[in-house]
Each structure stands twice: as structure tokens, then as C-alpha cells.
Amino acid sequence: QVQLVESGGGLVQAGGSLRLSCAASVRTFSRYFMGWFRQAPGKEREFVAAITWSGGSTYYADSVKGRFTISRDNAKNTVYLQMNSLKPEDSAVYYCAAGLSDRRPIATMSRHYDYWGQGTQVTVSS
């Protein structure tokens, strides 16, 4: 069982930055590829970014490419999402997710993730 706890959300003005963190309570964090998703009111959950177990490969949604950076620290069982140049359309609840690397190295589809956090709210004011 993997428990994921997100933190770092909040209210920020457009153009500002936030760094989200996701702490995993698991002994074998390095077995998992990690991802961030988000869901705005009235919209479906969408993929934001993902990273392989080693951190060697990353993947981003086109809407955040060049502005967001995903990273991980396996020694701290933590994955991060650095968000720069934030826009009002980035406002959403952001979820951290973990998927077993045994089956695939990375994923952009939510159904390929095994564990989810409770989410953290990000609000970007214009």
C-alpha cells in the first residue's frame, strides 16, 4: 500500500510560481513512476507531468511544457512539481499519483496509476 500526501498548493497571482510536493509513505519508492494530474471544476481530470522511477525521463502535457518541471528525490520519497509563469487556467486541484514500474516505465493515462493522493488546491488569480 502506498500513501501519497500533496502539499504546497495555494493562491498565487498570474505569472507567479508554486512548488508542489508529494510525499510517499512506501519502502520502495523507487519502484514507482510518478505523475501529476489536475482537475478543474466541471472538467475531467487531466494529465500534467510524469517521471520515471530514476528521474531520467519526464513527460509533460503541451499546456504546461516549458513552464512546469517535475522532479523526484528517491532518498526522501518525494516528487515535486515546480510551476512557473502560472496562468488562471492552471487553477485546479492537483493530484499526485504512483504507478508500478514493473509494468511500464511511465504513463500519461490515469488508469495506469495505482495510487492517488487527496489533492492540493492551486488557485491562480488574474
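Only a predicted model underlies this, so the values are computations on that prediction, with no experimental measurement involved.

Peer 1: Any chance you could explain the pairing of strand E3 (residues 18-25) here in plain terms?
Peer 2: When a strand is regular, its side chains alternate between the sheet's two faces. Of the pairings in the sheet, the one linking strand E1 (residues 3-7) to E3 comprises 5 bridges and is antiparallel in character. The residue bridging Gln3 from the neighbouring strand is Ser25, located in E3. The pairing of E3 with strand E8 (residues 78-83) spans 6 bridges and is antiparallel. For Ser21, the partnering residue across the bridge sits in E8 and is Tyr80.

Peer 1: Before we go on, may I ask you to explain the state of the cysteines in this structure?
Peer 2: What is meant by a disulfide is a covalent connection between two cysteines, made through their sulfur atoms. Under the definition given, this model contains 1 disulfide. Each disulfide pairs two cysteine sulfurs, and for Cys22 the partner residue is Cys96, the sulfurs being separated by 2.1 Å. Classification of the bridge connecting Cys22 and Cys96 rests on its S-S torsion, roughly -75 degrees, and on that basis the disulfide is left-handed. A residue pair is termed long-range when its members are at least 10 positions apart, and Cys22 in strand E3 and Cys96 in strand E9 (residues 92-100) qualify at 74 residues.

Conventions we followed
- Residues numbered from 1 in each chain as written.
- Predicted model: local features only at pLDDT ≥ 70, side-chain atom pairs only at ≥ 80, totals over all residues.
- Heavy atoms only, no water.
- Pairing = 2+ DSSP bridges.
- Helix = DSSP H or I, 4+ residues; strand = E, 2+ residues; numbered from the N terminus.
- Disulfide = S-S within 2.5 Å.

Don't take any of this as a statement about function, it's just geometry.
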